[in-house]
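Listed below are the residues making up each chain.
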Amino acid sequence: MLYKREQTSTAGISDLKNASHGHQHALAAAIHEAGHAVAAWRFGFRVIAASLDINFIKTFRADDAVPASPMVAIIPSVRARAAIERGSIRTKDEKTQILNLCAHYMAGPCAEYYFAPASYDRGWGSADWMMIGEILTTVEKNEARSKKLFNSARLHVDSFVREHLAEIRAFAQELDRKTTLLEPEINSLMHEITGIPAKAG
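Cut-offs applied
Residues numbered from 1 in each chain as written. Predicted model: local features only at pLDDT ≥ 70, side-chain atom pairs only at ≥ 80, totals over all residues. Heavy atoms only, no water. Pairing = 2+ DSSP bridges. Helix = DSSP H or I, 4+ residues; strand = E, 2+ residues; numbered from the N terminus. Axes fitted to C-alpha atoms, helices over the stretch in contact; angles between N-to-C directions. Contact = heavy atoms within 4.5 Å. Parallel < 35°, antiparallel > 145°, perpendicular 65-115°, else oblique. Left-handed = near helix turned anticlockwise from the far one by under 90°. Nonpolar A, V, L, I, M, F, W, Y, C, P; charged D, E, K, R; others polar.

A closer look at the sheet that holds strand β1 (residues 46-51)
- Pairing within the open sheet is antiparallel, and its three strands lie in the order β2-β1-β3. Looking at strand neighbours, the two that pair on one side only are β2 (71-75) and β3 (180-182), the edges of this open sheet. Along the sheet, successive strands turn relative to each other by an average axial angle of 15°, direction set aside.
- Judged from the five bridges that link them, β1 and β2 form a sheet pairing that is antiparallel. Across the sheet, residue R46 finds its bridge partner in β2, namely I75.
- Of the strands in this sheet, β1 and β3 touch helix α8 (residues 183-194), which is tilted by about 90° from β3.

A few points about the packing of helix α4 (residues 92-115) against helix α5 (residues 126-139)
- Look at α4 against α5: their axes get within 9 Å of each other, and the N-to-C directions meet at 165°. If you check the angle between α4 and α5, you find them roughly antiparallel. Handedness of the crossing formed by α4 with α5: left-handed. Residues I98, L101, C102, Y105, M106 and P109 of α4 lie in contact with α5, whose contacting residues are D128, W129, M131, I132, I135, L136 and V139.
- Per-class residue counts for the contact of α4 with α5 are 12 nonpolar, no polar and one charged.

These results come straight from atomic positions and should not be treated as a statement about function.
And the structure:
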């Protein structure tokens, strides 16, 4: 993701359009990462951390070669990992898990678009789209079938984000307030938001 958090925002997520430029940037980052986090959690993946704090992210990644930018760290399901490691999809369930994983990456930019379409910049989510491409070309070498998977994931995430906008907003508000949320806090927050317990991957 290509955001740099400029300052802690005092504006509510619903006030994105009316916030100052710096606040818009910060809130867009919170919404983007909330989209990723809520999708991953809802799809049953472990969400290890979500952060807008560049210093935390540098320490968390421990890799100076990777630019520090707002992030959500997840552990995909066993079935998604198996398909990627094998380089192919063998079962309907693995296909579902791969589509969910791609939808998780799409959910960040998609959430941004729904909250602020006028200021949405497709280029800001370029890392997400690159990751989706890597996943799909790994598990499906046929270009036509890979595109079909992409289109399925896109339809999946569009309906998901529309259905879960309130959850994404609530998560973004908490992330904007705290700047970093770790797995126990994320599970507690999602339980509070949704009324359901964390799911095993």
